[in-house]
Every structure is written in structure tokens, then in C-alpha cells.
Amino acid sequence: MNLGLGCAQLGNLYHERSDEAARAIVDAAWECGIRYFDTAPHYGLGLSERRLGAALRDRPRAGYTLSTKVGRRLEPVGEDGDDLADGFAVPRTHRRVWDFSRDGVRRSLEESLRRLGLDRVDVALLHDPEHHPEEALRQGFPALAELRAEGVVGAIGAGSKDAAVLTRVVAECTPDVVLVAGRYTLLEQPAAEDLLPACAASGVAVLAAGVFNSGLLAREEPRAGLPYEYAPAPADLVARAAAVAEVCAAHGTTLPAAAIAFPSRAPAVTTVVLGADDAGQVRRNAALFATPPPASLWPALRERGLL
């Protein structure tokens, strides 16, 4: 089981970060032995890719795995304002355009490579294909397969919080990997119904992201106001998370530790991808990953009807 760094925060997710603070996140990840890095053009209108590329530039290229995504092209605009409506504290210099066409996929990846300062990426994923599933599966995926054959990308697949569309990708295409965000966590496991069994049967690797459900499971003591699905968590979910935290404490562990460990129990999951607000969070997450909860926790949660 591997630990990866999700790099939305490098794109100023929720609030601004300096270049130095963003670099410190990547440096801390490297120091902790993390060698998988996931980014996307969507994250800060390309800022995440630029910062990640700069932070990895002096690292040995064969020493890490990097994934980015296609499906949203960035077009320059002359607008004032910021991108906070989409969650990123950056100037609104570009607009996102959905495009899973062959040309759109190739152009998107070419632009990503330029921002990253690389000539290839290890993994390329269709980003949120549920928004245009037919175009994504019929045009976007074949375009990625071409790029894989050309050696511009290594592995290909899709990343989404929609387990159903990822199941379609596994059934109808030939992906190497899928990234499922927030759908195989302590709070909800829809990916367990069809997606994970399909991946296990087909030999498709699963990257588990969003394991904190946007933040609700990231604190030892959940409280009202913490985010779930990028909005304030509903009261019933806060109560459920608090009940899980109580059982965790009784078994000598914490809610964040259990949230990190839970996805690794599925055979198809190969990597848990965690974001971090700062270098300290990277180090905390890596330490929790290295010390999983006792095996007795999981049956205890089932007995309480919490899992």
C-alpha cells in the first residue's frame, strides 16, 4: 500500500498560499517517503501543476509517479475577479471548458506538460467524466490510449467522485487505474457495491482519494461547520462521524487514522491519496498512515452499525 499527495491545495484550494508554503508541502511529502503526486489543470487554473512541476524539478524523474487529468481545457479570459466560486483563491485568468474530444484531450495534456515542465506523465486520467460520459468514454478514452501507445503517458484511466461512471469506464474501456474520490470512506462506501469488485476482477488499480470526505473526518473531534463535499457538513453526518470517533478512541486510535486506514482494506486499492494544507499536515498524515488502527476497530464499528 502506497501513500500519495493530492495537490489541489497547491492550487490555492479555499485560500491563498505562498509559493514557499506550497513548495514546503511537496518537500515534506518527499521527506516522508511519498512518491505519488496527483494534480490537474482544474486545481487553481493550472497553478497546482506549475507549482508541483517546479517543486519536483530537481528530483530524479524515475523516482516518483505523477498523475494529471484531462477533460477541462483552460481558455484565457479577460475577466477581473477570482476563482473562489470553483474553490480556488487565484485570479480568474482562464475559464474551464469541458472537452473530452480527441483534440481536446491532446491539447489539454500538451498544456499540462508545459506547466509541469515534463515531456511525459506517468498517469493520465479522464477528470469527472460523468459530466459528459459518452464523449469521455467514446472519444476521450481512445485519445488517452493513443497517447499511451505513443509513450507520452504511462497508465491511463479516470478520476471521479461518481462510482457509477468509474464502473462504466472499467466495464467499457481498458483502464489501468481509476481514482475514486470520497466514495470509499468511513462515512460512505458506494464504490464497494460494483466498482471495487469490477476493478479486482479486471486487475485495475484503485487510487482512493477524498478519504476525509473534504474535511469532516480529518479532525479527532468532528464538529459542526467542518466541510463535507466542500460545504458545511449536515448535522446527521457530524453526529455519525462523532460516533465513529468515540469508537476509535475506545480502541486507542483516532478518527483521522481510521479514515486513512479504511480504504487500504480493499484488495483493489493500491494507493491512498491525501491532500494537506501545510507541511505539518503532510507529516501528521504520513505518521498516521504508518501506524494503522488495531484490527479490533473494524468489527466494533460494524457492531455499532457505523460501518
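Scroll up a little and you will see the structure.
Here's what I pulled together on the structure shown here. If you're wondering where the values come from, they're calculated on a predicted model, not measured in any experiment.

## Examining the overall build of the protein
Next up, step 1: Each helix and strand counted, the protein has 10 helices and 14 strands in total.
Next up, step 2: For the protein, whose C-alpha radius of gyration is 19 Å, the value lies close to the compact-globule estimate of 19 Å for 307 residues.
Next up, step 3: C-alpha atoms of the protein, sized along the principal axes, occupy 55 × 45 × 35 Å.
Next up, step 4: Looking at the protein residue by residue over its 307 residues, the buried ones come to 55%.
Next up, step 5: Restricting the contact set of the protein to residue pairs at least 6 apart, pairs at least 24 apart contribute 74%.
Next up, step 6: Surface accessibility of the protein: about 12600 Å² in total, with carbon and sulfur atoms responsible for 51%.
Next up, step 7: Here the protein holds 33 positive side-chain charges and 40 negative ones, and the gap between their average locations is 2 Å.

## Digging into the pairing of strand 10 (residues 177-181)
Next up, step 1: Within strand 10, four of the five residues are buried, which leaves the element mostly enclosed by the surrounding structure.
Next up, step 2: Direction of pairing for strand 9 (residues 153-160) relative to strand 10: parallel, over a ladder of four bridges. The residue bridging G157 from the neighbouring strand is V177, located in strand 10.
Next up, step 3: Handedness of the crossover joining strand 9 and strand 10 through helix 5 (residues 163-172): right-handed.
Next up, step 4: Tracing the backbone out of strand 10, into helix 6 (residues 195-202) and back to the parallel element strand 11 (residues 205-209) gives a crossover that is right-handed.

## Points about the pairing of strand 8 (residues 121-127)
Next up, step 1: Buried residues dominate strand 8, accounting for seven of its seven residues.
Next up, step 2: With four bridges joining them, strand 3 (residues 65-70) and strand 8 adopt parallel strand pairing. Counted as the bridge partner of V70 is L126 from strand 8.
Next up, step 3: Across six bridges, strand 8 lies against strand 9 in parallel orientation. When the bridges of strand 9 are listed, L125 appears paired with G157.

## Re the layout of surface pockets
Next up, step 1: In this model, the largest pocket occupies a volume close to 1300 Å³.
Next up, step 2: Forming the walls of the largest pocket are 48 residues, and the residues nearest its centre are A8, L13, Y14, S214 and Y230.
Next up, step 3: For the lining of the largest pocket, the secondary-structure elements that each account for two or more residues are strand 9, strand 10, strand 14 (269-274) and helix 9 (279-290).
Next up, step 4: Along the lines of polarity and charge, the residues of the lining of the largest pocket split into 19 nonpolar, 16 polar and 13 charged.
Next up, step 5: Size it by volume and the second largest pocket reaches roughly 210 Å³.

## Digging into the packing of helix 3 (residues 102-116) against helix 4 (residues 133-150)
Next up, step 1: Running from amino to carboxyl end, helix 3 crosses helix 4 at an angle of 50°, the nearest separation of the two axes being 8 Å. Overall, the two elements helix 3 and helix 4 adopt an arrangement that is oblique. Where helix 3 crosses over helix 4, the handedness of that crossing is right-handed. Within the contact between the two elements, helix 3 uses R102, V105, R106 and L109 and helix 4 uses Q139, G140, A143, L144, E146, L147 and E150.
Next up, step 2: The residue inventory of the contact of helix 3 with helix 4, partitioned by class, reads five nonpolar, two polar and four charged.

## Quick look at empty space enclosed by the protein
Next up, step 1: For the structure on display, the rule yields one cavity of 30 Å³ or more.
Next up, step 2: Within this model, the largest cavity holds a volume of roughly 40 Å³.
Next up, step 3: L3, G4, L5, I34, L274, G275, A276, V282 and N285 are the residues that line the largest cavity.
Next up, step 4: When residues of the lining of the largest cavity are traced back to their parent elements, those giving at least two are strand 1 (2-6) and helix 9.
Next up, step 5: At three residues, the largest contribution of residues to the lining of the largest cavity is made by strand 1.
Next up, step 6: Of the residues that constitute the lining of the largest cavity, the class distribution is six nonpolar, three polar and no charged.

## So, the sheet that holds strand 1
Next up, step 1: A barrel is described by the order of its strands in space; here eight strands give the closed sequence 1-2-3-8-9-10-11-14, paired in parallel fashion. Neighbouring strand axes in the sheet, compared pairwise and without regard to direction, differ in orientation by 25° on average.
Next up, step 2: Against the sheet, helix 4 engages strand 3, strand 8 and strand 9, with an angle of about 155° to strand 9.
Next up, step 3: Sheet contacts for helix 5: strand 9 and strand 10; angle to strand 9, the most-contacted strand, approximately 145°.

## A look at the nonpolar core
Next up, step 1: Core analysis: the largest hydrophobic core is formed by 92 residues, its most contacted members being L5, F37, L186, L195 and L216.
Next up, step 2: Per-element accounting of this core gives the leading share, eight residues, to helix 7 (residues 235-250).
Next up, step 3: Setting aside anything within four residues of it in sequence, one finds L5 in contact with I25, V26, A29, I34, Y36, F37, D38, V273, L274 and V282.

Here is what the cut-offs are and how they apply
- Residues numbered from 1 in each chain as written.
- Predicted model: local features only at pLDDT ≥ 70, side-chain atom pairs only at ≥ 80, totals over all residues.
- Heavy atoms only, no water.
- Helix = DSSP H or I, 4+ residues; strand = E, 2+ residues; numbered from the N terminus.
- Rg over C-alpha atoms; globule rule 2.2 N^0.38 Å.
- Buried < 20%, exposed > 50% of the residue type's maximum accessible area, 1.4 Å probe, protein only.
- Contact = heavy atoms within 4.5 Å.
- Areas by Shrake-Rupley, 256 points an atom, 1.4 Å probe, with all protein chains shown as cover.
- Lys, Arg positive; Asp, Glu negative; His and termini not counted.
- Charge placed at Lys NZ, Arg CZ, Asp CG, Glu CD.
- Pairing = 2+ DSSP bridges.
- Right-handed = clockwise from strand over helix to strand, strands pointing away.
- 1 Å grid on protein atoms, 1.4 Å probe; cavity = no way out; pocket = protein on both sides within 12 Å on 5 of 7 lines; lining within 4 Å.
- Points joined across faces, edges and corners; volume = space filled by probe spheres on them.
- Nonpolar A, V, L, I, M, F, W, Y, C, P; charged D, E, K, R; others polar.
- Axes fitted to C-alpha atoms, helices over the stretch in contact; angles between N-to-C directions.
- Parallel < 35°, antiparallel > 145°, perpendicular 65-115°, else oblique.
- Left-handed = near helix turned anticlockwise from the far one by under 90°.
- Core = buried A, V, L, I, M, F, W, Y, C linked by side-chain atoms within 4.5 Å.

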